[in-house]
Amino acid sequence: RRFAHPFTTCLACGPRFSVTRALPYDRARTSMQEFPPCPWCRAEHDQPGGRRHHAQALACPRCGPRLRLLGGDGSPHGQDGAALSGAIEALRRGRIVALQGVGGFQLLVDATDEAAVARLRARKRRPTKPLAVMVASLEQARSLAALGDEEARTLASPAGPIVLLRRRADGLAPAVAPQCARLGLMLPTTPLHALLLDAIGRPLVATSGNRHEEPIALDEAEALQRLAGVADVFLVHDRAIVRRCDDSVVQVAAGRARVLRLGRGYAPLRIPLSMHDRTGETLLALGGHLKHAPVLVADG
């Protein structure tokens, strides 16, 4: 009954940090509160030993979030399956889709279509900085970049980061990462991404849903206002994003995955300090302007 449901989740996957309003993590304290579970989902949630036992984001097409497709002016263009089909058709035609993801909006476009990628760069005002690419599988990733064992493990890990990889001669649009020796690849991080990639059959650019120097758009109203003139259509849903959480960026160096941008899948991160690092004080660091990374030091 969950076949092709864009919001399928289990105890080991799905949104947490970006949908949680208060602790402890429980459905009533998340934006899933607006979706009371149907009797089937409730039974799975309450079954000890089941893989969905106490899965707080549990839902199905009967009781979970729903998709909608909006035009660039916010006009309705379908919901549920029709919304997904409309977004797929838009991507096939080289149009730019603003997708409401787990921690904010992303901008998607066919990564093999040079004109479409160039149009995205012009509208987003991002002339040269490399764009991340989402691929359907590790096999597709290997066709585009060189993957060592640790890089493959990192790419396929539950955190699902963007991994910087040594690129091969690939079939991507030159505008994706001009004059770059590395390529930022990621695998589908939600069922919605997997459904889109499966239908398109080609890699997709999946970059942050913002204009140059702005934070990613958080909700439908903000996306329609701030991404007007950037996206051609908006694929949205009614599960609220409580806080922004951009995609993490990782590179394997000296045999170990090093996080270059701490975000979805890695944050918030607890780091135990050794005894000689402890000052006995409580310290708060807020980071730089706009793109801050708050750090709280307390009790080691």
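Higher on the page you've got the structure.
What counts and how
Residues numbered from 1 in each chain as written. Predicted model: local features only at pLDDT ≥ 70, side-chain atom pairs only at ≥ 80, totals over all residues. Heavy atoms only, no water. Patch = residues over 30% accessible without salt bridge, like charges linked within 9 Å, V, L, I, M, F, W, Y side chains within 5 Å. Areas by Shrake-Rupley, 256 points an atom, 1.4 Å probe, with all protein chains shown as cover. Salt bridge = Lys/Arg side-chain N within 4 Å of Asp/Glu carboxyl O. Helix = DSSP H or I, 4+ residues; strand = E, 2+ residues; numbered from the N terminus. Phe/Tyr/Trp six-rings, centres within 6.5 Å; stacked < 30°, edge-to-face > 60°. Lys NZ or Arg CZ within 6 Å of the ring centre and 35° of its normal. Pairing = 2+ DSSP bridges. Buried < 20%, exposed > 50% of the residue type's maximum accessible area, 1.4 Å probe, protein only. Contact = heavy atoms within 4.5 Å.

1. A short note on a nonpolar patch on the surface
For step 1, the next point in the chain: A contiguous nonpolar surface patch, about 380 Å² in accessible area, is contributed by V259, L262, L269 and I271.
For step 2, the next point in the chain: Mapped onto the elements, L269 comes out in the loop between β12 (256–261) and β13 (283–285).

2. A short note on the packing of aromatic side chains
For step 1, the next point in the chain: On inspection of all chains with the given rule, the structure shows zero aromatic pairs.
For step 2, the next point in the chain: In this structure, R62 is placed above the aromatic ring of W40, and the distance from its NZ or CZ to the ring centre is 5.2 Å.

3. Re the pairing of β12
For step 1, the next point in the chain: Relative to β12, strand β11 (residues 249–253) is paired through five bridges, and the arrangement is antiparallel. Residue pairing across strands places V249 opposite R261, the latter belonging to β12.
For step 2, the next point in the chain: Connecting β11 to the next strand, β12, in antiparallel fashion are two residues, including A254 with a positive phi near 55°.

4. Thoughts on the environment of D170
For step 1, the next point in the chain: Position of D170 among the secondary structure elements: in the loop between β7 (162–167) and β8 (182–186).
For step 2, the next point in the chain: Residue classification places D170 among the partly exposed positions, given a relative accessible area of 22%.
For step 3, the next point in the chain: Separated by 38 residues in sequence, D170 and S208 have C-alpha atoms that sit 23 Å apart.
For step 4, the next point in the chain: In this structure, D170 is in contact with L144 and L183, ignoring residues within four places of it in sequence.

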